[in-house]
Amino acid sequence: MTEGKRRRGLTAASALLGGVMVLSACSGGGDDAGSSGGGGKGASQAQVDEAAAKKTSEAQIKITPKDGSNNASINNSAAVAVTKGTLTEVTMTTTDGTVVEGEIAADKKSWKPSVQLERATAYKLTATAEDSKGRAAHENASFTTVSPANSFIGNFTPDDGSTVGVGMPVSINFDKAIANKAEVQKGITVSTSSGQEVACHWFNPNRMDCRPEDYWQENSTVTLKLALDGVEGAEGVYGVQQKTVNFKIGRNQVSVVDAETKQMKVTQDGKTVRTIPISAGSPENKTWEGQMVISEKFKETRMDGATVGFTDDDGKGEYDIKDVPHAMRLSNSGTFLHGNYWGAKSIFGSANTSHGCIGLADTQGANDPNTPGAWFYDNSIVGDVVVVKNTGDKTVAPDNGLNGWNMDWAQWKAGSAV
């Protein structure tokens with residue numbers, strides 16, 4: 001090999017080795033002095049992560065429910081909480097952009113909506129918080145509340161804040177059939193300031209009534225608590241109610257209708273306050289016997305016989321009176337205690353002529369306060385008891401209206417699911 005060829009070969013080898021050295025330096029795998037910290041050029045991945053962590057907020061935001069949840073509660077969803085920091089902004093909207101009002105707590109550690117959420121609605125929540133060094137943290141979640149098809153509610157009576165008679169049960173009618181009766185009943189409590197024991201009875205999968213052994217103590221307060229949110233009433237069907245209801249029991253008024261003597265004795269707190277002549281159901285259309293509770297009051301109402309099975313050959317009602325005065329419902333099947341202006345005054349106290357209702361003398365228009373019908377209407381409240389006897393008919397069914405008092409205490413308690 002000539003001297004020129006040898007030199008050219010050394011030069012090529014040197015260049016090749018130089019290329020290897022450059023490639024090795026670009027790999028970043030060494031820990032030589034050329035590496036620098038702080039995320040700068042040449043930093044290791046561990047050093048980059050460490051530097052990023054120093055810039056990250058310590059605040060930790062939690063949104064309930066979890067992102068993507070379905071069948072979320074309309075009561076307890078949309079809760080936002082933060083630890084190691086304070087909330088600075090929370091925004092909640094529906095999918096169409098409607099803003100849901102809410103409020104950050106005074107300590108800035110939590111947020112909740114100011115209104116109840118709607119069923120079957122998609123919501124989006126975004127939250128921002130800061131830690132003690134002012135570093136911001138962000139979190140967001142989207143969820144959909146439980147749909148009507150997958151939820152149930154209990155329509156209850158009496159209303160919150162109302163004053164009712166001593167016979168008024170707590171009656172709950174569910175909009176879906178309840179299969180898990182025990183679980184649902186455990187979510188419902190009824191208590192009274194009088195200390196009376198209260199038991200609940202299921203008439204069917206959609207209705208549960210609650211009452212004490214004897215009538216409520218007059219002037220007591222009854223509390224109904226519905227803690228049904230998230231309770232599975234049937235497979236895939238959940239409760240959504242979370243509510244407390246209070247109502248007051250008024251004076252003790254019990255009226256006894258005797259179809260044989262054709263008189264009604266009205267008692268308040270055990271004392272007779274008035275005896276009123278009546279006309280009950282005729283021998284062909286006897287009035288139910290038993291303990292009945294006034295469930296509705298109407299100053300005037302229409303009564304059409306066709307709606308309760310009293311029809312002529314042409315299919316029309318045997319009667320159709322559009323302005324019955326001072327009507328008070330005693331059963332769901334159409335038994336009323338009401339004023340009567342169309343019958344002769346002589347029938348009251350002497351003859352039973354109705355289709356099953358109990359009539360009191362009254363005037364058309366319901367404007368004369370001096371009639372027996374008006375007096376009884378004005379002195380009665382929903383929940384008052386009317387006991388009917390000596391009609392010759394059978395006792396009204398306990399679930400026909402609010403008439404569970406016609407079941408003895410042992411039978412009543414046997415209908416409990418817990």
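The structure we're discussing is the one just above.
Residues numbered from 1 in each chain as written. Predicted model: local features only at pLDDT ≥ 70, side-chain atom pairs only at ≥ 80, totals over all residues. Heavy atoms only, no water.

1. Things to note about the overall build of the chain
Applicable threshold: A run of DSSP states H or I qualifies as a helix once it reaches four residues; a run of E qualifies as a strand once it reaches two. Both are numbered from the N-terminal end. Residue burial is assigned from relative accessible area. The probe radius is 1.4 Å, only protein chains are included, and a residue is buried under 20% of its type maximum, exposed over 50%, and partly exposed in between. Note on definitions: a residue-residue contact is assigned when non-hydrogen atoms from the two residues lie within 4.5 Å. All accessible areas in this document rest on Shrake-Rupley with a 1.4 Å probe, and a residue is counted as covered only by the protein chains that are shown.
A tally of regular secondary structure across the chain gives 5 helices and 27 strands. By residue count, 42% of the 418 residues in the chain fall in the buried class. Considering only intrachain contacts with a sequence separation of at least 6, the fraction spanning at least 24 residues in the chain is 64%. By element, 49% of the accessible surface of the chain is carried by carbon and sulfur atoms, the whole surface being about 21,500 Å².

2. Remarks on the sheet that holds strand β12 (residues 188-192)
The test is simple: For two strands to be treated as a pair, DSSP must find no fewer than two bridges joining them.
One open sheet accounts for 4 strands, arranged β10-β18-β15-β12; its pairing is mixed. Lying at the two open borders of the sheet, with one neighbouring strand each, are β10 (163-164) and β12. Bridging between β10 and strand β18 (residues 242-249) involves 2 bridges; their strand directions are parallel. Across the sheet, residue valine 164 finds its bridge partner in β18, namely isoleucine 249.

3. What to know about the nonpolar core
Looking at soluble globular proteins, one finds that nonpolar side chains tend to be buried together. Our working definition: Take the buried Ala, Val, Leu, Ile, Met, Phe, Trp, Tyr and Cys residues and link them wherever side-chain atoms come within 4.5 Å; each set so joined is a nonpolar core.
Among the nonpolar cores identified, the biggest contains 33 residues, and Ile172, Phe174, Val184, Ile188, Met208 and Leu224 are the most heavily contacted of them. Of all the secondary structure elements, the ones that give two or more residues to this core are β11 (170-174), β12, β13 (198-204), β14 (207-212), β15 (221-227), β18 and β27 (385-389). When neighbours within four sequence positions are excluded, isoleucine 172 is seen to be in contact with Gly154, Asn155, Phe156, Ile188, Asn206, Arg207, Met208, Asp209, Leu224 and Leu226. Counting 23 residues, the second-largest nonpolar core is a separate cluster that includes Tyr123, Ala137, Ala141 and Val240.

4. Observations regarding the pattern of salt bridges
A pair can form between side chains of opposite charge whenever their charged atoms are brought close. The condition that has to hold: Each reported salt bridge corresponds to a side-chain nitrogen of Lys or Arg within 4 Å of a carboxyl oxygen of Asp or Glu.
Enumeration over the complete set of coordinates arrives at 6 salt bridges. A salt bridge links lysine 186 to glutamate 183; the shortest N-O distance between them is 3.4 Å. Residue lysine 186 and its partner glutamate 183 are located together in helix α3 (residues 181-186), separated by 3 residues, close to a single helical turn. For glutamate 183, a relative accessible area of 42% translates into the label partly exposed. Across the pair arginine 251 and aspartate 384 runs a salt bridge whose closest N-O atoms are separated by 2.8 Å. A residue pair is termed long-range when its members are at least 10 positions apart, and arginine 251 in the loop between β18 and β19 (253-258) and aspartate 384 in the loop between α4 (372-378) and β27 qualify at 133 residues. Side by side, arginine 251 and aspartate 384 carry an identical accessibility label, which is buried.

5. So, the state of the cysteines
Heads up, the condition is: Disulfides are defined in this document as cysteine sulfur pairs within 2.5 Å.
Tallied over the full model, the rule gives 1 disulfide. Paired through a disulfide, cysteine 200 and cysteine 210 show a sulfur-sulfur distance of 2.1 Å. As the torsion about the S-S bond is roughly 105°, the cysteine 200-cysteine 210 disulfide counts as right-handed. Of this pair, cysteine 200 sits in strand β13 while cysteine 210 is found in strand β14, placing the two residues 10 residues apart along the sequence.

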